[in-house]
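# Notes for the structure review
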Amino acid sequence: MYASRLLIFIYCAFFCLSLPSFSQDSEKIDREFTLEATMLGYFAPDGAKNPTLRAKKGERIRLKIVNGELMTHDIALEKLALKSKTILEKGASATLVFVAQENDIYYCSVPGHRAAGMVGQLEVSENDVTAKVITGQIPQKNGQSLNLNFETGTLQDWTATGDAFANGLISADPSPLHEKEMRIGFDGMFFVSSGGITNAKQIGTLTSVPFTVTQPFASFKVSGGALQDTRVEIRQTGSDVVIFSITGQGRATLQPVVVDLQAYLNKEIYIKLIDNETGISQIPYIPHDKWAHLNFDDFLFHSTRPEFPNELKQSDIVILPPLDPVINAGLSGAKAAAAMTPPKGFKVSLAAAEPDVVRPICFTIDYRGRLWVVEGHTYPVPAPEGQGRDRILILEDTNGDGTLDSRKVFMDGLNLVSGIEVGMGGVWLGAAPYLLFVPADFKNDKPAGPIQKLLDGWGTQDTHETLNSLRWGPDGWLYGTHGVFTHSNVGKPGAPDSERTKINAGVWRYHPTAHTFEVFAEGTSNPWGIDFNDYGHAFITACVIPHMYHIIHNARYQRQAGKHFNPYTYDDIKTAGDHVHWIGERGPHAGNFRSGPKGGGHAHAGAMVYLGHTWPSEYRNDIFMNNINGARFNRDHPERAGSGYVVRHRDDFMAMNDTWSQWLNFKYDASGSVFAIDWYDKNQCHSSNPDVHDKTMGRIFKITHENDKWVQVDLSKASDKELVNYQLHPNEWYVRQARTLLQERGPNKKVHKALKEILTNNPDVTRKLRALWALHVTKGLTQAEMNALLNHESEYVRSWALQLMTEGKTISDETLKQFVSIAQNDNSPLVRLYLTSALLRISPAQRWEAVDALVQKTSDKGDHNMPLMLWYAVEPLAALDAKRALALAEKSVMDKHLEFMVRRVSALNTDESRSLLTNLKSRLEKEHNHQSHEVIMAIDESMKSMKK
């Protein structure tokens, strides 16, 4: 009865409807395809990745995509020059309707998505699309067909261990063990599952009897988890050697797999289904992995290799490893320190713990080496005005034993504090909806006056994405970061909307004496850490999206969600990192708690560029961040590349070996040692439910190297001359503290003279930069001196002169001439980057000549930053002179500039802009190259949206 089986695979069965239907415009639809769009590719309902779409010439086709994730996607046809609308939300759809004329390529036109694998073929033939018929034979033993398709309704010919397959025979679709919308798509009466979604925690194996290979090829169907411990193995009898292995790909629909058995003809093999994956989440708020199971059916032999249109291949699957082991959880402070594994020569000690410090959410170190720590008792729900419960502690090690034995309460009753910095006469607090300043009596460690509300309008929609990570920058501004799901409209109290600035992701800064606020750079996700390297270049760490960004003034970066405020941005700068800290290509969350070997996972907190003086030199300028899910202290290494950096992964500094560990930030002190605050909690993710978070614990740890020597300091007692000399100290802690004190003391001719001596004569460019920054914050440079620095021999000095001299957003005609000369002649991509950034701060009308030179620099065409930074500088010119702007874009050697300018000019929606685009299209149609074709597509698409 089961000696053979006829398999009929009709290509259209799951995702192509060939019956006539009608579109909204009442035109007949001959064939319809539906694909799920994800970063892994386009998927047909039968599981085929980037399937070949087949149609007859002349058929009217409807091609629909449904977004399978929260990500921007679309679908385009290359030769037909058609593109759907862009979709973002999961479940959103978009449709193309067209007539099949010739073979074509469909792809996602969102930058980077095609290269990531979102591309497939459209095959058009003169003949009807016909079904593919594939036949196979069920293996036999002793003249009887084996029950390898489970059609006996039993586990005959199989042996089960564990409980995963004990009740695994399923005869319904949708299966009672799977979600209702999941179609398994099995043939016959039964398939087997190791628990499905319902019982995914169960583990076990199912092993067939041995049988002889009588045909050169075999096939079977599989679906379920793309997990290392949910797999099908084909093994050789006797040796038990695995000759083939495959998993599902994280989808429910069974897909055929083909196995080449030519080398095993007339030998015995057996099948082993393995499910050793429980999918149990270690974290209470993370759901269990529903794909921790395996579905299997229909093992057949074939005389020739079968060609299934939806064949599952090993190259299609991104397999996730087993869950990371849980070594410790819920330790005491001392035991938590002992459990950590720092490199040789380092040790971790407990500096403070509950009840002396609870819920430390942010901290800073003052000019005496004391820690100012905020206890975040109000989080996650803002309290009514005046009812906050947050507190500021001042903690100090008074005798060098590594413990913070002195504890003072500076202030309490604060509300939702998420950032703190000290200096310039007081304490600066990020406490949404406010940026606050508390004048301080540092002699008595008490407030010296009432709290001042400097800015308001900071959002609280997502209270773990509020303003945070306050830090003094080298230019004397107070910097901070801000998350993507909190929407702020920032201004001085009482200011109208016209005097406010919106931010919902990025880096901001505030000047402590000019009282000016601005967004420094826009984008990323939920950054919770910013720091500067020896050259004053900023880096931030982020979550969910790739984690590492070199922050450039006026840049716009990849966003986790939402749109840039400027609608003409069109594309943004991506991560500077050459790696991520999660495993696999199924997105960041799929790798949660499985990514130890890669760094631990996508979630990060804190950022420290180590510039202390006692750790081995290999650590200097490296960026440290805490990996929250992985409980690891990640370490990345920036290397100069082009105008910026490529940031490479170094071995993790250490593992905490404790899943409750949650370091939020860390800073080095006067001794070169590092203090880290730990919001110690079994719950690793934000929740608006306050009962989810622990309310009793908190730790501060200290990392020391055997070279570290404890020191007691008070730089406020240093003379001006001593503060200047501290600009030469090998430990940046002294440099920054001294610079802030000099800034607070104000202009001083003797200070300026000494700093100019360093700037002029010190051979180390990092010392020259320190002198330049100190001169800037103390108002020690004239315009003429700044202009002279534009010709300095060091690219770092030239670039910083460009940034500092455009703080006021106006420049002289003489300076503008120098800008043009730099654009034309400077050989440094770093300088050209800073020049482009500076151009974004001055009037667009002043940019023409400089950008004309910059967009023609072929050496910058492949640069990580320059093409898009130049676009941001050029884009506003369209509104000034559309014809000139188009001509400029035609001269540009930067990818996408002309296409972007077409879109920007079309947005003007004037008769002139329509005429300009029509003329441009006529010229381009005479050229026959891919770039012209892309621009013509952009013109056609743009003119569709222009109002007539």
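Residues numbered from 1 in each chain as written. Predicted model: local features only at pLDDT ≥ 70, side-chain atom pairs only at ≥ 80, totals over all residues. Heavy atoms only, no water.

Now for the domain arrangement of the protein chain. On domain assignment, one finds that the protein chain holds domain 1 (31-125), domain 2 (140-316), domain 3 (349-555 + 608-685 + 693-705), domain 4 (717-781) and domain 5 (843-947). One C-alpha centre belongs to domain 1, the other to domain 3; they are set 44 Å apart. (Domains from an automatic or database assignment.)

Under the definition given, this model contains 58 salt bridges. Residue Asp652 pairs with Arg632 through a salt bridge whose shortest N-O separation is 3.3 Å. Here Arg632 lies in strand β50 (residues 632-641) and Asp652 lies in strand β51 (residues 644-655), a separation of 20 residues in the sequence. A salt bridge links Glu785 to Lys756; the shortest N-O distance between them is 2.9 Å. Here Glu785 is found in helix α7 (residues 783-789), whereas its partner Lys756 is found in helix α5 (residues 749-761), with 29 residues between them in sequence. A relative accessible area of 25% places Lys756 in the partly exposed class. (Salt bridge = Lys/Arg side-chain N within 4 Å of Asp/Glu carboxyl O. Helix = DSSP H or I, 4+ residues; strand = E, 2+ residues; numbered from the N terminus. Buried < 20%, exposed > 50% of the residue type's maximum accessible area, 1.4 Å probe, protein only.)

Using the criterion set out here, one finds 52 aromatic pairs in the structure. Aromatic pair Trp372 and Phe442: ring centres 5.9 Å apart, planes at 75°, arrangement edge-to-face. With a gap of 70 residues between them, Trp372 in strand β30 (residues 371-375) and Phe442 in the loop between β35 (434-441) and β36 (446-447) connect regions that are remote in the sequence. Per residue, the accessibility class of Trp372 equals that of Phe442, and both read buried. Their ring planes at 70° and their centres at 5.2 Å tell us that Phe539 and Tyr645 sit as a pair that is edge-to-face. Separated by 106 residues along the polypeptide, Phe539 in strand β45 (residues 538-541) and Tyr645 in strand β51 bring together distant segments of the chain. (Phe/Tyr/Trp six-rings, centres within 6.5 Å; stacked < 30°, edge-to-face > 60°.)

The next thing to look at is helix α16 (residues 911-924). Along its 14 residues, α16 runs 20 Å from first to last C-alpha, staying within 8% of the 20 Å computed at 1.5 Å per residue. Those residues of α16 lying buried are Ser913, Leu916, Leu917, Leu920 and Leu924. Along the long axis of α16, the arc covered by the buried residues comes to 95°, so they all point the same way. Residues of α16 that are buried make contact with α14 (882-891), α15 (897-906) and α17 (930-944). (Expected span 1.5 Å × (residues − 1). Arc of directions from axis to C-beta. Contact = heavy atoms within 4.5 Å.)

On to the side chain of Asp456, then. Here Asp456 lies in strand β37 (residues 452-456). The class of Asp456 is buried, set by a relative accessible area of 16%. Only 2.7 Å separates the side chain of Asp456 from the side chain of Arg500, close enough to count as a polar contact. Setting aside its immediate chain neighbours within four residues, Asp456 contacts Pro433, Tyr434, Asn489, Val490, Gly491, Lys492, Pro493, Gly494 and Arg500. (Polar contact = N/O pair within 3.5 Å; in protein donor to acceptor, adjacent residues only side chain to side chain.)

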